[in-house]
Amino acid sequence: MSKTDALTNPSQPDLARFLDAIPYAKFLNISIDQKGNEITTVMSFEQKLIGNPILPALHGGAIGAFLEMTSIIQVAFETGITAIPKPIGLTIDYLRSGKPIDTYSRAHITKQGRRVATVHAEAWQEDRSRPIAAAHGHFLLKTAED
């Protein structure tokens, strides 16, 4: 399956197949919990995600990639595009150390044009009101024909 064929029905994207088209998502153990029109992504903890074994704390790169993929999945879900959105720019704010437990994330599109979407995402662990990181990014909306 090619990355551009990840979604077969743009009106109701198959997010699991879309996620399977991103190999790094498998490495990070990312799954999707969809309830109606609300999507929460989950990065299940594994020892390989530890960046600082002394604390221990999750690796910042794993958290950043998790937020980026959450944003990509949200853009695909809301727009129904058939190609994986390409990150143009992404800024991550690391707010707290990530504990060695499961991490959750949600994203929402703050502005969408014909070619670019602006997205905000937050990751948390035990308490959604205490995020461990936040991201603000711009994504190029490509179609399968582009």
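Everything that follows concerns the structure shown earlier in this document.
Calculation criteria
- Residues numbered from 1 in each chain as written.
- Predicted model: local features only at pLDDT ≥ 70, side-chain atom pairs only at ≥ 80, totals over all residues.
- Heavy atoms only, no water.
- Salt bridge = Lys/Arg side-chain N within 4 Å of Asp/Glu carboxyl O.
- Helix = DSSP H or I, 4+ residues; strand = E, 2+ residues; numbered from the N terminus.
- Buried < 20%, exposed > 50% of the residue type's maximum accessible area, 1.4 Å probe, protein only.
- Phe/Tyr/Trp six-rings, centres within 6.5 Å; stacked < 30°, edge-to-face > 60°.
- Lys NZ or Arg CZ within 6 Å of the ring centre and 35° of its normal.
- Pairing = 2+ DSSP bridges.

## Quick notes on the pattern of salt bridges
Thought 1: Counting across every chain of the model gives 4 salt bridges.
Thought 2: The partner of R106 in a salt bridge is E38, with the nearest N and O atoms 3.0 Å apart. With R106 in strand β6 (residues 103–112) and E38 in strand β2 (residues 38–43), the pair connects residues that are 68 residues apart, well separated along the chain.
Thought 3: Where K99 meets E126, a salt bridge forms, and the shortest distance between an N and an O atom there is 2.8 Å. Placement of the pair is K99 in the loop between β5 (86–94) and β6 and E126 in the loop between β7 (116–124) and β8 (133–140), with a sequence separation of 27 residues.
Thought 4: Its relative accessible area of 42% is what places K99 among the partly exposed residues.
Thought 5: Judged by its relative accessible area of 60%, E126 is exposed.

## Quick look at the packing of aromatic side chains
Thought 1: In this structure the tally under the stated criterion is 2 aromatic pairs.
Thought 2: Centre to centre, the rings of Y24 and F27 are 5.6 Å apart; their planes meet at 10°, and the pair counts as stacked. Note that Y24 and F27 are positioned in helix α2 (residues 23–27) at a spacing of 3 residues, about one turn of the helix.
Thought 3: Given the relative accessible area of 37%, F27 is considered partly exposed.
Thought 4: Over the ring of F27 we find K48, and its NZ or CZ is 4.3 Å from the ring centre.

## As for the pairing of β7
Thought 1: As defined by bridge partners, β6 adjoins β7 across 8 bridges and the pair is classed as antiparallel. Residue pairing in the sheet places H108 in a bridge with H120 of β7.
Thought 2: Two successive antiparallel strands, β6 and β7, enclose a turn made up of 3 residues.
Thought 3: Across 8 bridges, β7 lies against β8 in antiparallel orientation. Each bridged residue has a counterpart across the sheet, and for A117 the counterpart in β8 is F139.

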